[in-house]
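Working through the structure, step by step
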Amino acid sequence: DAKTTQPPSMDCAEGRAANLPCNHSTISGNEYVYWYRQIHSQGPQYIIHGLKNNETNEMASLIITEDRKSSTLILPHATLRDTAVYYCIVREVTQGGSEKLVFGKGTKLTVNP
Amino acid sequence: DAGVIQSPRHEVTEMGQEVTLRCKPISGHNSLFWYRQTMMRGLELLIYFNNNVPIDDSGMPEDRFSAKMPNASFSTLKIQPSEPRDSAVYFCASSFNRPNTEAFFGQGTRLTVV
C-alpha cells in the first residue's frame, strides 16, 4: 500500500502557483519523497525528490516539513500543460537495498484558463 | 539515451492467446520495474528486478503472468493465456539500484484482450 495521502483533485488558475499537499506521516528517516506526474495516458514523468531539505529544479519546488510528515509540491506558474495527475510517493527501501515506487491515487490537478 | 523503450505500443489480441510485452531499460540502469494501470486499480507494481534477478513478484496477479530479464538490456512480460480482464496499460520503468535516484518510465503498452 502507498504510504502517502493526497487530495483527489485540485484546481488552479493559469499563471498562478499550484500548491499540491501530501501527507506521509509514517515516513522513515532514510526514505525519500518523490513526485511524479502523469499526463493523460503517458508514462509517469519524474518531477522532483527530496529527503529533508527543500529542493528546487526547473520544473518545481518541493517543501518538506521539519518533521518530514508532510510535503508540498509547488508549480510556480501553472500552465494548461500542467494539467495531470500528480503522485507523491515515499520510495520504499526493499530487500537488497533497492527502492521501489508504490503509487497511490494521486491528485488530479486541473489548470483552468 | 532514448529512454525506456517499450514495444509494442498497442496490442489487440483474442482471449486465450499468448501476449508478450517487451522493455529495453536505460543503458546502465540495474533496476527494472513492471507496472499495470487500469481505471479501477490505478498503477500497480507487478514485479521488479535488480541486476537481472527478480526480487519481488508479489504483485503478479496470477500464474498466467510471467516476467524475465535475460540480460541487462531486455525484459519481457508474458501473459498466457490472456483474458479480457488483463486489458490495461503496462508500463516498464528503470533506475539505478541505489537510494536518491529517480526511475524513468516508458510510454507503455496498451493491451486489449477481446
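Note: the structure precedes this text.
Residues numbered from 1 in each chain as written. Chains lettered and ligands numbered in written order. Predicted model: local features only at pLDDT ≥ 70, side-chain atom pairs only at ≥ 80, totals over all residues. Heavy atoms only, no water.

Section: the pairing of strand E7 (residues 65–71) of chain B
Residues and elements named next belong to chain B. Short version of the rule: Only strands that DSSP links by at least two bridges are regarded as paired with each other. Secondary structure elements are taken from DSSP: a helix is a run of H or I of four residues or more, a strand is a run of E of two residues or more, and numbering for both begins at the N terminus.
Judged from the five bridges that link them, E7 and strand E8 (residues 74–79) form a sheet pairing that is antiparallel. Looking at E8, one finds that Ser-66 is bridged to Lys-78. Following E7, the chain reverses through two residues before pairing antiparallel with E8.

Some points on the pattern of salt bridges
Filter applied, for reference: Note on definitions: salt bridges are taken to be side-chain nitrogens of Lys or Arg within 4 Å of carboxyl oxygens of Asp or Glu. Think of it in three bands: with a 1.4 Å probe and only protein chains considered, a residue is buried below 20% of the maximum accessible area for its type, exposed above 50%, and partly exposed in between.
This model, assessed by the stated rule, comprises 10 salt bridges over all chains. Lys-3 of chain A is the partner of Glu-31 of chain A in a salt bridge, and the nearest nitrogen-oxygen pair spans 2.8 Å. Residue Glu-31 of chain A is located in the loop between strand E2 (18–23) and strand E3 (33–38), and its partner Lys-3 of chain A is located in the segment before strand E1 (9–13); the two are separated by 28 residues in the primary sequence. Looking at Lys-3 of chain A, the relative accessible area reads 23%, which means it is partly exposed. Measuring nitrogen to oxygen at the nearest pair gives 2.8 Å for the salt bridge that ties Glu-62 of chain B to Arg-64 of chain B. Taking relative accessible area as the criterion, Glu-62 of chain B reaches 27% and is therefore assigned partly exposed. With relative accessibility at 9%, the residue Arg-64 of chain B sits in the buried group. Here the residues in one salt-bridge network are Glu-62, Arg-64, Glu-83, Arg-85 and Asp-86 of chain B, joined through shared partners.

Considerations on the packing of aromatic side chains
Definition in use: Between the rings of Phe, Tyr and Trp (Trp by its six-membered ring), a pair exists once the centres lie within 6.5 Å; its type follows the angle of the planes, with under 30 degrees stacked, over 60 edge-to-face, and the other angles tilted.
If you walk through the whole model with that rule in mind, you get nine aromatic pairs over all chains. Geometrically, the ring pair formed by Tyr-36 of chain A and Tyr-46 of chain A is edge-to-face, given 5.8 Å between the ring centres and 75 degrees between the ring planes. Residue Tyr-36 of chain A is located in strand E3, and its partner Tyr-46 of chain A is located in strand E4 (residues 45–50); the two are separated by 10 residues in the primary sequence. Taking relative accessible area as the criterion, Tyr-36 of chain A reaches 0% and is therefore assigned buried. With a relative accessible area of 18%, Tyr-46 of chain A lands in the buried category. Between the aromatic rings of Tyr-36 of chain A and Phe-103 of chain A, the centroid separation amounts to 6.1 Å while the plane-to-plane angle is 65 degrees, which identifies the pairing as edge-to-face. Within this pair, whereas Tyr-36 of chain A is found in strand E3, its partner Phe-103 of chain A is found in the loop between strand E10 (99–100) and strand E11 (107–112), the two being separated by 67 residues in sequence. Neither residue differs from the other here; Tyr-36 of chain A and Phe-103 of chain A are each classed as buried. Chaining the aromatic ring pairs together yields one cluster made of Tyr-36, Tyr-46, Tyr-87 and Phe-103 of chain A together with Tyr-35 and Phe-105 of chain B.

What about the sheet that holds strand E7 (residues 70–75) of chain A?
All names here are of chain A. Taken in spatial order, the four strands of this open sheet run E2-E7-E6-E5, and their pairing is antiparallel. A single partner strand is all that each edge strand has here, and the edge strands are E2 and strand E5 (55–56). In terms of strand pairing, strand E6 (residues 61–64) meets E7 through four bridges, oriented antiparallel. Pairing of Ile-64 across the sheet is with Ser-71, part of E7.

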